[in-house]
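Fold and geometry: a report
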Amino acid sequence: MTMNTDDRALSATTTLQDGDVRVLLLENIHADGRDFLRGKGYSVETRDGALGEAELIEAVQGVHLLGIRSTTYLTEKVLENAPDLLAVGAFCIGTNQIDLPAATERGVPVFNAPYSNTRSVVELAIAEIISLARRLHEKSTAMHAGVWNKSAAGSHEVRGRTLGIVGYGNIGSQLSVIAEALGFKVVFYDIDDKLALGNARRCSTLEELLRTSDVVTLHVDGRPGNAGLFGDEQMRLMKPRALFLNLSRGIAVDPAALREHLESGHIAGAAVDVFPVEPKRQGDPFESELRGVPNVILTPHVGGSTEEAQQDIGRFVASKLRSYAAFGSTSLSVNFPEMNLPADDSRTRLALVHRNAPGVLARINGLLGEHDVNLEAQSLATRGEIGYVVTDVGSPVTADVMAELASLPETVRLRQLS
């Protein structure tokens, strides 16, 4: 992390009252999130769709808290042009659409909802597995075309089948438990050491999972290493007539290769909810190599889009943004040192984001001591190259003291919270 003279604007002190806080929420974030923030006195603007880079740069001027979902990309250029931005809320699980190193460097914590929609994704996966096994999608399409085809050919129960889960995190592990209750034998593969739940069995390699599974479902995150994870080579290793699901990340799967293996009959059916390129707004045209392929269920990135999940996400992420703006709390931030701070209106709170270098805390406290500022409580946490120190004092701090703290060479961002 480096700072030059042009970056000194980052070190400007910020003191906001609730009525001064401006919030921008994009991509149809649930009304409960909007209402929660408005109820705290914040000025909240909402927009239905995602914004491109140029549009977003214009929209974030003067915005302190930004809420997005999976289709808005928060790039380094956007962050460079958002000097007032204090925090970002990803009202979803993934944060690969956000340049996290750039946000961290500029002292902007990012919050997401890692648990709120896991059940919704799991239920969709189960529904689609059964639908594919029974070929319900094809039968429904035929019925709408006026064709009555009452046949058991190609329709199977899932009981006794082997489900292979690639990625055994919050979603994959919950899917494991429910699938086992339906009679599946469950195997999984994960690059991290994960505890197997129930009777699930860990595979030592991805190849082992692919060769033994009747259904393969991806539940990986959006890290760059997962781009192109599943292509022609992996599909060739799958059992003939196996089923395939991707409800995780569009970049993980080669759609052209999937179409080829579906048309050849090697893969019997697929369900895909995420795509390498997705429309930004409702009603925009959708293009994919998988359109028109029989026994393929295509859904518009709705794995977590249930009323219950979106309501929980709206409340959860909005509360994290509020806690940071009002109290300096960074609990469950994906890129910041974690600090859970209670509200305390009886004290003045100084929240200082700084480069993690030796002696910073001593210099901060020495400076406060020189100005007879009495420390009543203090917490420090670090994460990689960033440090975060929160100091409670008994009275408001003068502008001179704030200016000196802001001028410390390690200071990235400084706020005074009353």
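Below you will find a few notes about this structure. (Residues numbered from 1 in each chain as written. Predicted model: local features only at pLDDT ≥ 70, side-chain atom pairs only at ≥ 80, totals over all residues. Heavy atoms only, no water.)

Notes on helix α11 (residues 307-327)
Taking 1.5 Å per residue as the helical rise, α11 with its 21 residues ought to reach 30 Å, and the 29 Å between its terminal C-alpha atoms agrees with that figure. Regarding α11, the residues found buried are Ala309, Gln310, Ile313, Gly314, Val317, Ala318, Lys320, Leu321, Arg322, Tyr324, Ala325 and Ala326. In the stretch just after α11, Gly328 is the one whose phi turns positive, near 85°. (Helix = DSSP H or I, 4+ residues; strand = E, 2+ residues; numbered from the N terminus. Expected span 1.5 Å × (residues − 1). Buried < 20%, exposed > 50% of the residue type's maximum accessible area, 1.4 Å probe, protein only.)

A closer look at the nonpolar core
Of all hydrophobic cores here, the largest spans 30 residues; its most connected members are Val23, Tyr42, Leu65, Phe91, Tyr324, Val353 and Tyr388. Of all the secondary-structure elements, those providing two or more residues to this core are β2 (22-25), α11, β14 (348-355) and β16 (386-393). For Tyr388, the contacting residues outside a window of four places in its chain are Tyr324, Gly328, Thr330, Pro337, Met339, Ala351, Leu352, Val353, His354, Ser379, Leu380 and Ala381. (Core = buried A, V, L, I, M, F, W, Y, C linked by side-chain atoms within 4.5 Å. Contact = heavy atoms within 4.5 Å.)

What to know about the packing of aromatic side chains
Tallying each qualifying case throughout the model produces 5 aromatic pairs. Aromatic side chains Phe275 and Phe286 sit 4.9 Å apart centroid to centroid with 65° between the ring planes, which places their arrangement in the edge-to-face category. Taken together, the positions of Phe275 in the loop between β12 (267-272) and β13 (296-298) and Phe286 in the loop between β12 and β13 put the pair 11 residues apart, joining distant regions of the chain. Accessibility expressed as a relative area gives 9% for Phe275, which makes it buried. A cation over an aromatic ring shows up here: Arg415 above the ring of Tyr324, its NZ or CZ 4.4 Å from the ring centre. (Phe/Tyr/Trp six-rings, centres within 6.5 Å; stacked < 30°, edge-to-face > 60°. Lys NZ or Arg CZ within 6 Å of the ring centre and 35° of its normal.)

As for the side chain of Thr411
Turning to its location among the elements, Thr411 is positioned in strand β17 (residues 411-417). The buried category is assigned to Thr411, whose relative accessible area is 1%.

Here we look at the packing of helix α5 (residues 118-134) against helix α7 (residues 170-181)
Contact pair α5 / α7: the axes reach a minimum separation of 9 Å and the direction vectors enclose 50°. One element, α5, and the other, α7, form an angle in the oblique class. Seen from above, α5 lies across α7 with right-handed handedness. Residues Thr118, Arg119, Val121, Val122, Ala125 and Ile126 of α5 form the contact with α7, whose participating residues are Asn170, Ile171, Gln174, Leu175, Ile178 and Ala179. Among the residues making up the contact of α5 with α7, the classes are represented as 8 nonpolar, 3 polar and 1 charged. (Axes fitted to C-alpha atoms, helices over the stretch in contact; angles between N-to-C directions. Parallel < 35°, antiparallel > 145°, perpendicular 65-115°, else oblique. Left-handed = near helix turned anticlockwise from the far one by under 90°. Nonpolar A, V, L, I, M, F, W, Y, C, P; charged D, E, K, R; others polar.)

Topic: the packing of helix α12 (residues 360-370) against helix α13 (residues 399-406)
The interhelical angle for the contact between α12 and α13, taken along N-to-C directions, is 160°, at an axis separation of 11 Å. When the axes of α12 and α13 are compared, the pair comes out roughly antiparallel. Relative to α13, the crossing made by α12 is right-handed. Between α12, through Ile364, Leu367 and Leu368, and α13, the contact on the second element is made entirely by Val401, Glu404 and Leu405.

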